[in-house]
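A structural walkthrough
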Amino acid sequence: MPRMQSEVWKHFTPAIKDGREAFMCNYCSKTYSKNATKMQMHLDKCKEYSVVSQQSPGPDGSSSAFIPVPSYSFLPSANPGGQFLVDSVDQHSQVYADECLARAVYATSSALSLTDSIYWKRFFSVLRPAYCPPTKEALSSHLLDCEFDRVQSQVHEAIGKADYVTIISSGWSNVKESGTIIFVVATPVPLFYKCVKTKQQTSTFITEELKRVINEVGSQKVFAVVTDDAPEMKAVWAQVEQAFPHISAIGCTACGLRHLLDDMMAQPSMRSLCTRAEQVVRYFKENKILTEALRCWQSTKIKGLFSQRTTLDLPSGTDWTGVLNLFSSLLEGQNSLQEMAVSCTLNVDSSVVATLQDAAFWKGLSTSRNLLHVIGNYINYMQKEDAVLSSVVDIFSQIRLAIEAFLSGCAQHSVEQKAVLASLHMCQEFCVKPIHVAAHILDPKHAGQHTVSGEQINSAYLVISNLSHHFSLDEGKVLGSFAKFSAKEGLWKGTGIWNSSQHVSAPTWWKGLCSSEPLSDVAFNILQIPPTTGACERLWLQFCKMMAQGSVSSERVHKLVAVQTNLNLLEPSDCEYASLDSEEEDRKVLL
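Residues numbered from 1 in each chain as written. Predicted model: local features only at pLDDT ≥ 70, side-chain atom pairs only at ≥ 80, totals over all residues. Heavy atoms only, no water.

**Some words on the packing of aromatic side chains**
Rules: Any Phe, Tyr or Trp ring, taking Trp's six-membered ring, that has another such ring centre within 6.5 Å forms a pair; planes under 30 degrees apart are called stacked, those over 60 apart edge-to-face, and the others tilted. Helical segments are the DSSP runs of H or I of at least four residues, strand segments are the runs of E of at least two, and each set is numbered from the N terminus. Relative accessible area decides the class of each residue, using a 1.4 Å probe on protein chains only: under 20% of the type maximum gives buried, over 50% gives exposed, and in between gives partly exposed. When the NZ atom of lysine or the CZ atom of arginine is within 6 Å of a ring's centre and also within 35 degrees of its normal, the charge is said to sit over that ring.
This model, assessed by the stated rule, comprises 25 aromatic pairs. Ring plane angle 50° and centroid distance 5.1 Å describe the contact between Phe-485 and Trp-510, whose orientation is recorded as tilted. Residue Phe-485 is found in helix 20 (residues 475-487), and its partner Trp-510 is found in helix 22 (residues 506-513); the two are separated by 25 residues along the sequence. Each member of the pair, Phe-485 as well as Trp-510, carries the same accessibility label: buried. Each member of the aromatic cluster is reached from another via a ring pair, and the members are Tyr-461, Phe-482, Phe-485, Trp-492, Trp-498, Trp-509 and Trp-510. The ring of Trp-498 has Lys-488 lying over it, and the distance from NZ or CZ to the ring centre is 5.0 Å. The ring of Phe-524 carries Lys-511 above its face, with NZ or CZ at 4.8 Å from the centroid.

Have a look at this one:
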């Protein structure tokens, strides 16, 4: 157990003397170095302290701590001629202040050692001299446990109040093959529910854990499960849908698109293009004369508005963004590079000259850059918190058009073209399910813009029918309502209601303006489902960041991440700040 802090520190104020840390007696202003024994010996002999310590307890009989504070110029005096301001903090106020401070530290990801800093100690001493802030050990132990239990209680309460929820799950493993599976419950606010440590992430283990979470949350209110693209996760889908027929299991769209990009980058022609591009950039960056010549060349040309000044970039990793930056930097400096290649004053290697004068090389860079840009933008969008399920169908329509344009504009072998189209088909099978089509059709922003097949529309009808049965709704009335929505009849006849859809989210539109229609509950539920496991990925980044610091155990990291995430998602109410009784508030000494 950590050593208890001596009571003597309450009677001294941190100060700086001759540029060194010192502690000043609150009664006679004598300073000492950081030595509790000597400070206690002084306190035993201090005449001013003996006078104050003989004061009687407060009228309420509480064990208040009375600390007289030197009357600095920036602090109010106890009386016009007084020397000290008497401050007190009773036990209840101390506990409440510790709770509030701990909550602020956790919510803002502040260092647990914050209260060990002499500057923070001095600040607390000025603000409330009698208050002793909690130590790092307290912030990482019992205060964290209490806050974690309190926040988890709020999480369960929020989930209990939600009518419909989605379970989001994603897993990670390390080189030792031990793994972590994160579970998030979206209400639609993505609340961190729990994480599970496992030695092996098998589909059987994940299925049992996922079923346990679904039953704990309430299987009747869970309508979708979103997972990453790991084979073990995909194997869970059928078992979950068999156990809970009303639940749709879907894959993370961002994961699927990243996998598609990886497959495209692995094609021989793309690898060859990357190799040639890296050779050119590396050649110029390693030759200081050419680097300086390129800078001067571009500076001269910029004045003539022939080209933009650019910096050649090498990819820093295997991520697609590095390749995109590589291609973009070459294309932005194309004119200058080609002119330098044929310059009589510069001795550029013949192989580099051949690459720079190759029209097919530049065409490949341009078409590849455009395709990476399109898919990359959709990945970035899907990773955002405001990504919606209804946009997935349209995204894949746009990606198919971009890939077809890419294949028609490049000299890829037919085998590679078939491989790229096969990867696109597999990605679409993973990312686009009947519930995505239903969301696309039910989103008023996509009215009249549907690019789905008849088979996909029939699958969407089946999803709507199944959910209407689960909600105990009349299937005929629900589908009749859907028919009027599609034909823009009845409630949807006027243009005003459609114009309003451009100013609110689709779930709000259905719940606020169309709640009288039998289709409303089904549409509201479907349109709230998140399309990715982005919430889990953001949590994992927080885990990694805290684990890298190595200051607390993995169990404490779990609690810190849970508290920080959920505190910032659950808006605090006014009642949280009124836990002290009004009589106690009246007795507090305010500075």
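Moving on from the model shown.
**Overview of helix 16 (residues 392-408)**
Inclusion rule: Here a helix's expected span is defined as the number of its residues, less one, multiplied by 1.5 Å. Only heavy atoms enter the contact rule, under which two residues are in contact if any of them lie within 4.5 Å.
Between its first and last C-alpha atoms helix 16 spans 24 Å; for 17 residues at 1.5 Å apiece the expected length is 24 Å, and the two agree. Burial in helix 16 covers these residues: Val-392, Val-393, Ile-395, Phe-396, Ile-399, Ala-402, Ile-403, Phe-406 and Leu-407. On its buried side, helix 16 packs onto helix 9 (253-265), helix 10 (268-286), helix 15 (359-382), helix 17 (414-431) and helix 18 (434-442).

**Looking at the nonpolar core**
One recurring pattern in soluble globular proteins is that nonpolar side chains are buried together. Applicable threshold: The definition of a nonpolar core used throughout is a set of buried Ala, Val, Leu, Ile, Met, Phe, Trp, Tyr and Cys residues joined through side-chain atoms within 4.5 Å.
Counting 154 residues, the largest nonpolar core has Tyr-106, Ile-167, Phe-327, Leu-330 and Trp-510 as its most contacted members. In terms of residue count, helix 16 provides more of this core than any other element does, nine residues in total. Leaving out residues up to four positions away in the same chain, Leu-330 has contacts with Ala-277, Val-280, Val-281, Leu-312, Leu-337, Phe-361, Trp-362 and Leu-365. Grouped together as the second largest cluster of nonpolar side chains are nine residues, Val-8, Phe-23, Cys-25 and Leu-43 included.

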